[in-house]
Amino acid sequence: MSQYKIIFTGPVGAGKTTAINSISDVPPVKTDAVASDMTKNRKSETTVAMDYGVMNLDGAEKIHLYGTPGQERFDFMWDILTTGGIGLVLLLDNTRADPFQDMKFFLESFDGFIGKTSVAIGVTQMDLSNKPTIEEYHMQLQDYRLKPAVFAIDAREKNDVSLLVQALLYSVDPGLVSE
């Protein structure tokens, strides 16, 4: 039985907990606490350690799904969670003031991990704000010499999140992707 580990990261409110919840085949473990700082302006609770779920693949293979806290003050968890990971899913909230700045921050924060693995990017909330466009994200990514899969996703939709995970798996090893 093969087991893999994928990390979900991104700013507060981008949909990490929701995405893991939508694709996990087991009830996810969440470490939410009442938001006590500026986060409470976006949502009432926030992840303080991690989210965890499991996605079962064919042939008894499993993908362990770990979601990082979005707040920089919990960044000590990022290194812990990426250990042994095979790739990163970066979720960006298109309604935030500067999603490109968020993208830059997380790509730079996880640069070492991405360099050894791969990254796929999901842009959430595009139904509420269609600017910037996916094409503009691709243009911004040229500065990083990265060509990851970038999708507009609804983190509540299993098929959207599954497509993003499959794109990440394919970029890591085309043999990992199954029907």
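Presented here is an overview of the structure given in this document. Treat the numbers as computed from the prediction; the structure is a model and nothing was measured.

**Describing the overall build of the protein chain**
And then number 1: Per the secondary structure count, the protein chain includes six helices and seven strands.
And then number 2: Counting from the amino terminus, the protein chain carries its helices and strands in the arrangement β-α-β-β-β-α-β-α-α-β-α-β-α.
And then number 3: Surface accessibility of the protein chain: about 9,000 Å² in total, with carbon and sulfur atoms responsible for 49%.

**Considering the nonpolar core**
Inside soluble globular proteins, nonpolar side chains tend to come together where they are buried.
And then number 1: Core analysis: the largest hydrophobic core is formed by 24 residues, its most contacted members being Leu88, Leu90, Met103, Ile121, Val123 and Val150.
And then number 2: Contributing elements (two or more residues each) for this core: β3 (45-56), α2 (76-82), β5 (87-93), α3 (99-109), α4 (111-116), β6 (119-124) and α5 (134-141).
And then number 3: Setting aside chain neighbours within four positions, we find valine 123 in contact with Leu92, Asn94, Ile134, Tyr137, Val150, Phe151, Ala152 and Ile153.
And then number 4: Core analysis: the second largest hydrophobic core is formed by 22 residues, Tyr4, Ala19, Met55 and Val89 among them.

**A few points about α5**
And then number 1: Taken residue by residue, α5 has Ile134, Tyr137 and Leu141 as its buried positions. Down the axis of α5, the buried side of the element spans an arc of 55°, and every buried residue falls inside it. Exposed side of α5, more than 90 degrees from the buried face: Glu135 and Met139 are the residues found there.

**Here we look at the pairing of strand β1 (residues 3-9)**
And then number 1: The element β1 is extensively covered by neighbouring structure, given that six of its seven residues are classed as buried.
And then number 2: Note: β1 against strand β4 (residues 62-67), six bridges, orientation parallel. The partner of tyrosine 4 across the bridge, within β4, is isoleucine 63.
And then number 3: Bridge count for β1 against β5 is four bridges, and the pairing is parallel. Bridge pairing in β5 links isoleucine 6 to glycine 87.

**Focus on the packing of aromatic side chains**
And then number 1: Enumeration according to the criterion identifies seven aromatic pairs in this entry.
And then number 2: Judged by centre distance (6.0 Å) and plane angle (70°), the rings of tryptophan 78 and phenylalanine 105 are edge-to-face. Here phenylalanine 105 lies in helix α3 and tryptophan 78 lies in helix α2, a separation of 27 residues in the sequence.
And then number 3: By relative accessible area, which is 5% here, tryptophan 78 ends up buried.
And then number 4: What makes phenylalanine 105 partly exposed here is its relative accessible area of 25%.
And then number 5: For the ring pair phenylalanine 105 and phenylalanine 106, a centre distance of 5.0 Å and an interplane angle of 90° mean the geometry is edge-to-face.
And then number 6: Three or more aromatic residues joined by ring pairs form one cluster here, namely Trp78, Phe105, Phe106 and Phe110.

The rules behind these values
- Residues numbered from 1 in each chain as written.
- Predicted model: local features only at pLDDT ≥ 70, side-chain atom pairs only at ≥ 80, totals over all residues.
- Heavy atoms only, no water.
- Helix = DSSP H or I, 4+ residues; strand = E, 2+ residues; numbered from the N terminus.
- Areas by Shrake-Rupley, 256 points an atom, 1.4 Å probe, with all protein chains shown as cover.
- Core = buried A, V, L, I, M, F, W, Y, C linked by side-chain atoms within 4.5 Å.
- Buried < 20%, exposed > 50% of the residue type's maximum accessible area, 1.4 Å probe, protein only.
- Contact = heavy atoms within 4.5 Å.
- Arc of directions from axis to C-beta.
- Pairing = 2+ DSSP bridges.
- Phe/Tyr/Trp six-rings, centres within 6.5 Å; stacked < 30°, edge-to-face > 60°.

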